[in-house]
Amino acid sequence: MPIDVSNKAKCFGCGACTHVCTQGTIKMVSDSEGFLYPQIDTALCTQCEMCVSACPAYESPSGEKGQAFALRCNDEALLYQSTSGGAFSLLSRKILDEGGLVFGAAFDDSFNVVHKGSEDISDMRKSKYVQSDMTKAYSEVKEALNQNKKVLFSGTPCQCHALLKTVAEHRENLVTVSVVCRGVSSPGLWKQYVSFLEKDGKLKAFCFRDKRSNNSGHTVSYSTDKGETAVTMDKDPFSMMYLKCLTLRPSCYSCPYTKTDLPSDITIGDFWGIEKIYPDFNDGKGVSLVIARTKKGKELLKSCENDAKILPCPADMEMQSALKESAPKSILRMLVFKEFAASGIESVLKKFGGLR
(Lines give C-alpha, C1' and ligand atoms only; values in the text may rest on other atoms or scores of the structure.)
Protein backbone atom coordinates (compact mmCIF):
# COMPACT_ATOMS: atom_id res chain seq x y z
CA MET A 1 0.00 0.00 0.00
CA PRO A 2 1.22 3.57 -0.68
CA ILE A 3 1.45 6.20 2.03
CA ASP A 4 -1.74 7.26 3.74
CA VAL A 5 -2.49 10.82 2.59
CA SER A 6 -5.82 11.14 4.35
CA ASN A 7 -4.56 12.44 7.71
CA LYS A 8 -3.11 15.93 7.28
CA ALA A 9 -2.12 16.05 10.93
CA LYS A 10 0.53 13.40 10.19
CA CYS A 11 2.02 14.82 6.96
CA PHE A 12 5.03 17.15 7.16
CA GLY A 13 4.85 18.16 3.49
CA CYS A 14 8.51 17.26 3.00
CA GLY A 15 7.97 15.81 -0.48
CA ALA A 16 10.24 12.80 0.09
CA CYS A 17 7.55 10.53 -1.31
CA THR A 18 7.51 12.37 -4.65
CA HIS A 19 11.28 12.09 -4.92
CA VAL A 20 11.48 8.32 -4.45
CA CYS A 21 8.46 7.42 -6.58
CA THR A 22 9.91 6.08 -9.83
CA GLN A 23 6.54 5.97 -11.58
CA GLY A 24 5.71 9.67 -11.16
CA THR A 25 2.63 8.58 -9.25
CA ILE A 26 2.84 11.23 -6.51
CA LYS A 27 2.60 14.98 -6.93
CA MET A 28 2.51 17.75 -4.31
CA VAL A 29 -0.70 19.77 -4.55
CA SER A 30 -1.84 22.83 -2.56
CA ASP A 31 -4.95 22.50 -0.43
CA SER A 32 -7.41 25.26 0.49
CA GLU A 33 -5.09 26.41 3.30
CA GLY A 34 -2.15 26.79 0.92
CA PHE A 35 -0.14 23.81 2.22
CA LEU A 36 1.36 21.22 -0.12
CA TYR A 37 0.22 17.61 0.29
CA PRO A 38 1.02 14.45 -1.71
CA GLN A 39 -1.63 13.40 -4.20
CA ILE A 40 -1.42 9.83 -5.48
CA ASP A 41 -2.57 8.66 -8.91
CA THR A 42 -3.73 5.20 -7.85
CA ALA A 43 -4.02 4.07 -11.48
CA LEU A 44 -0.22 4.42 -11.85
CA CYS A 45 0.74 3.12 -8.41
CA THR A 46 2.61 -0.22 -8.47
CA GLN A 47 2.33 -0.79 -4.69
CA CYS A 48 6.13 -0.79 -4.36
CA GLU A 49 5.89 1.09 -1.04
CA MET A 50 9.02 3.14 -1.70
CA CYS A 51 7.04 6.16 -0.53
CA VAL A 52 6.35 4.45 2.80
CA SER A 53 10.03 3.69 3.33
CA ALA A 54 10.96 7.33 2.63
CA CYS A 55 8.22 8.97 4.68
CA PRO A 56 9.54 10.29 8.02
CA ALA A 57 6.04 10.12 9.53
CA TYR A 58 6.30 6.31 9.51
CA GLU A 59 9.38 6.32 11.74
CA SER A 60 9.83 7.81 15.19
CA PRO A 61 12.78 10.22 15.06
CA SER A 62 15.66 9.33 17.36
CA GLY A 63 19.30 10.21 17.91
CA GLU A 64 21.78 11.28 20.55
CA LYS A 65 20.83 14.09 22.93
CA GLY A 66 24.19 15.72 22.30
CA GLN A 67 26.02 18.55 24.06
CA ALA A 68 24.61 22.09 24.12
CA PHE A 69 26.72 25.20 23.54
CA ALA A 70 26.26 28.95 23.33
CA LEU A 71 27.91 30.43 20.24
CA ARG A 72 28.52 33.95 19.04
CA CYS A 73 30.67 34.68 16.00
CA ASN A 74 33.50 37.19 16.36
CA ASP A 75 32.68 39.01 13.13
CA GLU A 76 30.26 41.81 14.09
CA ALA A 77 29.09 42.33 10.49
CA LEU A 78 28.30 38.63 10.13
CA LEU A 79 26.57 38.65 13.50
CA TYR A 80 24.28 41.45 12.30
CA GLN A 81 23.44 39.52 9.12
CA SER A 82 22.46 36.42 11.13
CA THR A 83 19.24 35.55 12.93
CA SER A 84 20.99 34.69 16.18
CA GLY A 85 24.72 34.15 16.83
CA GLY A 86 25.96 33.26 13.35
CA ALA A 87 26.24 29.49 13.81
CA PHE A 88 24.77 28.66 10.39
CA SER A 89 27.26 30.90 8.59
CA LEU A 90 30.30 29.60 10.44
CA LEU A 91 29.38 25.93 10.00
CA SER A 92 28.62 26.54 6.33
CA ARG A 93 31.92 28.31 5.70
CA LYS A 94 33.87 25.26 6.85
CA ILE A 95 32.03 23.06 4.34
CA LEU A 96 32.47 25.63 1.56
CA ASP A 97 36.19 25.95 2.33
CA GLU A 98 36.48 22.23 1.49
CA GLY A 99 34.80 22.72 -1.88
CA GLY A 100 31.39 21.63 -0.68
CA LEU A 101 27.83 22.90 -1.09
CA VAL A 102 25.32 24.30 1.38
CA PHE A 103 21.56 23.78 1.14
CA GLY A 104 19.11 26.01 2.96
CA ALA A 105 15.86 27.93 2.72
CA ALA A 106 15.87 31.13 0.65
CA PHE A 107 13.47 33.48 -1.09
CA ASP A 108 13.23 33.09 -4.86
CA ASP A 109 12.58 36.05 -7.18
CA SER A 110 8.87 35.97 -6.27
CA PHE A 111 9.53 35.61 -2.51
CA ASN A 112 8.43 31.97 -2.46
CA VAL A 113 10.47 30.07 0.13
CA VAL A 114 12.48 27.30 -1.55
CA HIS A 115 15.34 25.02 -0.58
CA LYS A 116 18.39 25.57 -2.77
CA GLY A 117 22.02 24.55 -2.92
CA SER A 118 24.77 27.09 -3.46
CA GLU A 119 28.27 28.25 -2.58
CA ASP A 120 26.71 31.63 -1.73
CA ILE A 121 24.77 31.41 1.54
CA SER A 122 23.86 35.09 1.89
CA ASP A 123 20.19 34.58 1.01
CA MET A 124 19.95 31.46 3.20
CA ARG A 125 20.68 33.45 6.34
CA LYS A 126 17.82 34.76 8.48
CA SER A 127 14.69 32.86 9.46
CA LYS A 128 11.83 32.33 7.04
CA TYR A 129 8.73 31.35 8.98
CA VAL A 130 7.12 29.69 5.96
CA GLN A 131 7.23 26.10 4.76
CA SER A 132 9.94 25.76 2.11
CA ASP A 133 9.57 23.85 -1.15
CA MET A 134 11.97 20.87 -1.14
CA THR A 135 11.11 19.69 -4.67
CA LYS A 136 14.57 20.09 -6.21
CA ALA A 137 16.69 19.70 -3.09
CA TYR A 138 16.65 15.89 -2.80
CA SER A 139 18.10 15.23 -6.26
CA GLU A 140 20.59 18.10 -5.99
CA VAL A 141 21.90 16.88 -2.63
CA LYS A 142 22.29 13.37 -4.02
CA GLU A 143 24.08 14.66 -7.11
CA ALA A 144 26.57 16.62 -5.00
CA LEU A 145 27.19 13.62 -2.72
CA ASN A 146 27.68 11.33 -5.71
CA GLN A 147 30.39 13.75 -6.86
CA ASN A 148 32.05 13.22 -3.46
CA LYS A 149 31.37 16.78 -2.41
CA LYS A 150 30.76 17.65 1.20
CA VAL A 151 27.23 18.90 1.80
CA LEU A 152 25.70 20.84 4.67
CA PHE A 153 21.92 20.69 4.66
CA SER A 154 20.01 23.01 6.95
CA GLY A 155 16.26 22.73 7.41
CA THR A 156 13.49 21.93 9.84
CA PRO A 157 13.92 18.69 11.84
CA CYS A 158 11.34 16.88 9.69
CA GLN A 159 13.12 17.99 6.50
CA CYS A 160 16.47 16.74 7.82
CA HIS A 161 14.89 13.43 8.81
CA ALA A 162 13.27 13.09 5.38
CA LEU A 163 16.55 13.77 3.60
CA LEU A 164 18.39 11.18 5.70
CA LYS A 165 15.75 8.60 4.80
CA THR A 166 16.23 9.22 1.07
CA VAL A 167 20.04 9.30 1.04
CA ALA A 168 21.62 5.85 1.12
CA GLU A 169 25.12 6.49 -0.23
CA HIS A 170 27.95 8.86 0.71
CA ARG A 171 26.33 9.88 3.99
CA GLU A 172 29.81 10.39 5.43
CA ASN A 173 30.00 13.64 3.41
CA LEU A 174 26.58 14.90 4.54
CA VAL A 175 26.09 17.07 7.62
CA THR A 176 22.49 17.76 8.61
CA VAL A 177 21.77 20.89 10.63
CA SER A 178 18.22 21.15 11.94
CA VAL A 179 16.83 24.46 13.12
CA VAL A 180 14.82 24.79 16.30
CA CYS A 181 11.32 25.01 14.83
CA ARG A 182 8.08 26.29 16.32
CA GLY A 183 6.19 25.38 13.15
CA VAL A 184 5.90 26.58 9.55
CA SER A 185 3.30 28.90 8.05
CA SER A 186 1.23 28.28 4.95
CA PRO A 187 3.04 29.09 1.67
CA GLY A 188 -0.33 30.03 0.18
CA LEU A 189 -1.07 32.48 2.99
CA TRP A 190 2.43 33.94 2.67
CA LYS A 191 2.10 34.33 -1.11
CA GLN A 192 -1.06 36.39 -0.66
CA TYR A 193 0.64 38.46 2.03
CA VAL A 194 3.42 39.28 -0.43
CA SER A 195 0.77 40.40 -2.92
CA PHE A 196 -0.83 42.51 -0.19
CA LEU A 197 2.48 44.25 0.55
CA GLU A 198 2.99 44.89 -3.15
CA LYS A 199 -0.03 47.16 -3.21
CA ASP A 200 2.59 49.76 -2.21
CA GLY A 201 4.93 48.75 -5.03
CA LYS A 202 7.13 45.80 -5.95
CA LEU A 203 8.54 43.98 -2.91
CA LYS A 204 12.33 44.18 -2.99
CA ALA A 205 13.34 42.66 0.35
CA PHE A 206 11.76 41.09 3.42
CA CYS A 207 13.36 40.17 6.74
CA PHE A 208 11.49 38.40 9.54
CA ARG A 209 14.34 39.01 12.01
CA ASP A 210 16.00 42.40 11.55
CA LYS A 211 18.63 43.31 14.18
CA ARG A 212 18.77 47.07 13.71
CA SER A 213 17.21 47.73 17.14
CA ASN A 214 19.47 45.34 19.09
CA ASN A 215 16.34 43.55 20.30
CA SER A 216 17.47 40.00 19.48
CA GLY A 217 15.99 40.30 16.01
CA HIS A 218 12.43 41.04 17.07
CA THR A 219 12.00 43.55 14.25
CA VAL A 220 10.42 42.88 10.85
CA SER A 221 11.59 44.95 7.89
CA TYR A 222 10.69 45.08 4.22
CA SER A 223 11.17 47.43 1.32
CA THR A 224 9.06 48.17 -1.75
CA ASP A 225 9.31 50.68 -4.58
CA LYS A 226 7.84 53.23 -2.17
CA GLY A 227 10.43 52.80 0.58
CA GLU A 228 11.28 50.77 3.68
CA THR A 229 9.18 49.73 6.65
CA ALA A 230 10.53 48.43 9.97
CA VAL A 231 8.26 47.45 12.87
CA THR A 232 8.44 45.13 15.86
CA MET A 233 7.25 41.59 15.16
CA ASP A 234 3.97 42.11 16.99
CA LYS A 235 3.15 45.01 14.65
CA ASP A 236 3.62 43.04 11.44
CA PRO A 237 0.28 41.25 10.81
CA PHE A 238 1.75 38.08 9.31
CA SER A 239 4.42 37.75 12.00
CA MET A 240 1.92 38.44 14.76
CA MET A 241 -0.30 35.58 13.58
CA TYR A 242 2.75 33.32 13.38
CA LEU A 243 3.77 34.24 16.93
CA LYS A 244 0.28 33.26 18.07
CA CYS A 245 0.64 29.91 16.21
CA LEU A 246 -2.41 30.67 14.03
CA THR A 247 -0.87 29.97 10.61
CA LEU A 248 0.94 26.66 11.12
CA ARG A 249 0.76 23.39 9.22
CA PRO A 250 -1.63 20.95 10.98
CA SER A 251 1.17 18.49 11.81
CA CYS A 252 3.09 21.24 13.65
CA TYR A 253 0.57 21.02 16.49
CA SER A 254 1.54 17.41 17.19
CA CYS A 255 5.20 17.56 16.18
CA PRO A 256 7.33 14.50 17.08
CA TYR A 257 10.55 16.54 16.79
CA THR A 258 10.08 18.68 19.90
CA LYS A 259 12.99 17.08 21.76
CA THR A 260 16.78 17.12 21.79
CA ASP A 261 17.51 13.53 20.70
CA LEU A 262 17.03 14.01 16.94
CA PRO A 263 18.55 12.32 13.85
CA SER A 264 20.39 15.47 12.67
CA ASP A 265 24.09 15.94 13.35
CA ILE A 266 23.58 19.42 14.80
CA THR A 267 20.67 21.58 15.94
CA ILE A 268 20.89 25.38 15.89
CA GLY A 269 18.52 28.10 17.04
CA ASP A 270 18.08 31.21 19.15
CA PHE A 271 19.48 30.87 22.65
CA TRP A 272 16.54 32.16 24.65
CA GLY A 273 17.44 32.45 28.32
CA ILE A 274 21.13 33.08 27.68
CA GLU A 275 21.08 35.73 30.45
CA LYS A 276 20.59 32.96 33.01
CA ILE A 277 23.79 31.19 31.98
CA TYR A 278 26.10 33.76 30.36
CA PRO A 279 24.82 37.26 31.20
CA ASP A 280 27.61 38.97 29.21
CA PHE A 281 26.06 37.61 26.00
CA ASN A 282 22.71 39.24 26.74
CA ASP A 283 23.07 42.46 24.72
CA GLY A 284 20.34 41.93 22.10
CA LYS A 285 22.77 41.16 19.26
CA GLY A 286 21.95 37.45 19.20
CA VAL A 287 23.38 34.19 20.48
CA SER A 288 23.09 30.74 18.89
CA LEU A 289 22.12 27.61 20.75
CA VAL A 290 24.08 24.76 19.19
CA ILE A 291 23.50 21.10 20.05
CA ALA A 292 26.21 18.87 18.60
CA ARG A 293 25.32 15.16 18.53
CA THR A 294 27.39 13.06 16.17
CA LYS A 295 31.14 12.84 15.69
CA LYS A 296 30.75 14.77 12.42
CA GLY A 297 28.73 17.45 14.13
CA LYS A 298 31.14 17.85 17.04
CA GLU A 299 34.18 18.03 14.74
CA LEU A 300 32.52 20.64 12.53
CA LEU A 301 31.62 22.78 15.55
CA LYS A 302 35.15 22.46 16.96
CA SER A 303 36.57 23.72 13.66
CA CYS A 304 34.77 27.04 14.30
CA GLU A 305 36.53 27.75 17.60
CA ASN A 306 38.84 30.41 16.15
CA ASP A 307 35.94 32.29 14.59
CA ALA A 308 33.54 32.42 17.53
CA LYS A 309 33.17 32.37 21.26
CA ILE A 310 31.77 28.91 22.04
CA LEU A 311 30.86 28.08 25.62
CA PRO A 312 29.49 24.78 26.98
CA CYS A 313 26.12 24.73 28.70
CA PRO A 314 25.05 22.65 31.70
CA ALA A 315 23.33 19.37 30.93
CA ASP A 316 20.33 20.33 33.04
CA MET A 317 19.77 23.73 31.39
CA GLU A 318 16.19 24.71 30.59
CA MET A 319 15.69 24.28 26.83
CA GLN A 320 13.39 26.57 24.89
CA SER A 321 9.79 25.43 24.54
CA ALA A 322 10.12 24.33 20.88
CA LEU A 323 12.48 21.58 22.08
CA LYS A 324 9.98 20.36 24.66
CA GLU A 325 6.45 20.67 23.31
CA SER A 326 4.47 21.28 20.13
CA ALA A 327 2.94 24.62 19.27
CA PRO A 328 -0.41 25.21 20.99
CA LYS A 329 -3.51 25.04 18.81
CA SER A 330 -6.55 27.21 19.37
CA ILE A 331 -9.90 27.47 17.65
CA LEU A 332 -8.69 30.73 16.12
CA ARG A 333 -6.43 28.72 13.83
CA MET A 334 -9.47 27.12 12.19
CA LEU A 335 -11.16 30.51 11.90
CA VAL A 336 -8.09 32.05 10.24
CA PHE A 337 -8.04 29.53 7.43
CA LYS A 338 -11.81 29.51 7.08
CA GLU A 339 -11.65 33.27 6.57
CA PHE A 340 -8.68 32.87 4.22
CA ALA A 341 -10.56 30.42 1.99
CA ALA A 342 -13.69 32.55 1.98
CA SER A 343 -12.39 36.11 1.77
CA GLY A 344 -8.63 36.20 1.20
CA ILE A 345 -5.66 37.65 2.99
CA GLU A 346 -6.77 41.23 3.69
CA SER A 347 -9.83 40.09 5.61
CA VAL A 348 -7.63 37.67 7.62
CA LEU A 349 -5.15 40.43 8.46
CA LYS A 350 -7.91 42.73 9.67
CA LYS A 351 -9.66 40.12 11.81
CA PHE A 352 -6.66 38.24 13.20
CA GLY A 353 -3.48 40.22 12.42
CA GLY A 354 -4.31 43.59 13.90
CA LEU A 355 -4.38 45.36 10.53
CA ARG A 356 -6.10 48.72 10.74
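All residue numbers refer to positions counted from 1 along the written sequence of the respective chain. Local features in this predicted model are restricted to residues of pLDDT 70 or higher, and side-chain atom pairs are both shown and tallied only at a pLDDT of 80 or more, whereas totals for entire chains, interfaces and linings draw on every residue. In computing side-chain properties, one takes all heavy atoms of the structure into account and sets aside hydrogens as well as water.

**Q** Explain the sheet that holds strand 10 (residues 227-232) to me, please; I cannot follow it from the model alone.
**A** The pairing of strands in a sheet comes from backbone hydrogen bonds and takes either a parallel or an antiparallel form. Any two strands are treated as partners once DSSP identifies two or more bridges connecting them. Each helix is a run of DSSP H or I of at least 4 residues and each strand a run of E of at least 2, with the numbering of both proceeding from the N terminus. Reading across from one edge, 8-9-10 is the order of the three strands in this open sheet, with antiparallel pairing throughout. The open sheet is flanked by strand 8 (203-210) and strand 10, the only strands paired with a single partner. With strand direction ignored, the average angle separating the axes of adjacent strands in the sheet is 10°. Sheet topology places strand 9 (residues 219-224) next to strand 10; six bridges connect them, and they run antiparallel. Bridge pairing in strand 10 places Thr 224 opposite Gly 227. Set on the sheet, helix 7 (residues 187-197) makes contact with strand 8 and strand 9; between it and strand 8 the angle comes to about 120°. Here an angle of 0 to 180 degrees is reported between the N-to-C directions of two axes, which are lines fitted to C-alpha atoms, with helices fitted over the stretch in contact. Here, residues are in contact when the closest pair of their heavy atoms is within 4.5 Å.

**Q** Is there a simple way to explain the side chain of Asp 31 in this structure?
**A** You can see Asp 31 is positioned in the loop between strand 1 (26-30) and strand 2 (36-40). Among the polar contacts listed, one links the side chain of Asp 31 to the side chain of Lys 8, at a separation of 3.0 Å. The residues contacting Asp 31, other than those within four sequence positions of it, are Lys 8 and Tyr 37. Two N or O atoms count as a polar contact when they lie within 3.5 Å, although within protein this holds only if one can serve as hydrogen donor and the other as acceptor, and sequence-adjacent residues are included solely when both atoms are side-chain atoms.

**Q** Explain the sheet that holds strand 3 (residues 67-73) to me, please; I cannot follow it from the model alone.
**A** Pairing is mixed in the open sheet, where eight strands are placed in the order 5-4-6-7-11-12-3-13. Only two strands of the sheet have a single partner each, and these edge strands are strand 5 (113-118) and strand 13 (308-312). Averaged over all neighbouring strand pairs, the angle between strand axes comes to 25°, with direction disregarded. Across three bridges, strand 4 (residues 101-107) lies against strand 6 (residues 151-155) in parallel orientation. Bridge pairing in strand 6 links Leu 101 to Val 151.

**Q** What is the right way to look at the nonpolar core in this model?
**A** A general tendency of soluble globular proteins is for nonpolar side chains to be buried together. As used in this record, nonpolar core signifies buried Ala, Val, Leu, Ile, Met, Phe, Trp, Tyr and Cys residues forming a set joined through side-chain atoms within 4.5 Å. To sort residues, take the accessible area from a 1.4 Å probe on protein chains only and compare it with the maximum for the residue type: under 20% means buried, over 50% means exposed, and anything in between is partly exposed. Residues Trp 190, Tyr 193, Phe 206 and Phe 208 are the most contacted members of the largest nonpolar core, which totals 38 residues. Secondary structure elements with two or more residues in this core: strand 4, helix 7, strand 8, strand 9, helix 8 (237-243), helix 10 (331-343) and helix 11 (345-352). Of all the elements, helix 7 adds the most residues to this core, at six residues. Not counting the four nearest positions on each side in its chain, Tyr 193 is found in contact with Phe 206, Asp 236, Pro 237, Phe 238, Ile 345 and Leu 349. By size, the runner-up hydrophobic cluster in this structure holds 26 residues, among which are Ile 121, Met 124, Val 175 and Ile 310.

**Q** What am I meant to see in the pairing of strand 6 here?
**A** Consecutive residues of a regular strand have side chains that alternate between opposite faces of the sheet. For strand 6, the buried fraction is high: five of the five residues fall into the buried class. When strand 6 meets strand 7 (residues 174-179), the two strands line up parallel, connected through five bridges. The residue bridging Leu 152 from the neighbouring strand is Val 175, located in strand 7. Crossover handedness for the path strand 6 to helix 6 (residues 157-166) to strand 7: right-handed. Whether a crossover is right-handed depends on one test, that the path from the first strand over the helix to the second runs clockwise when the strands point away from the viewer.

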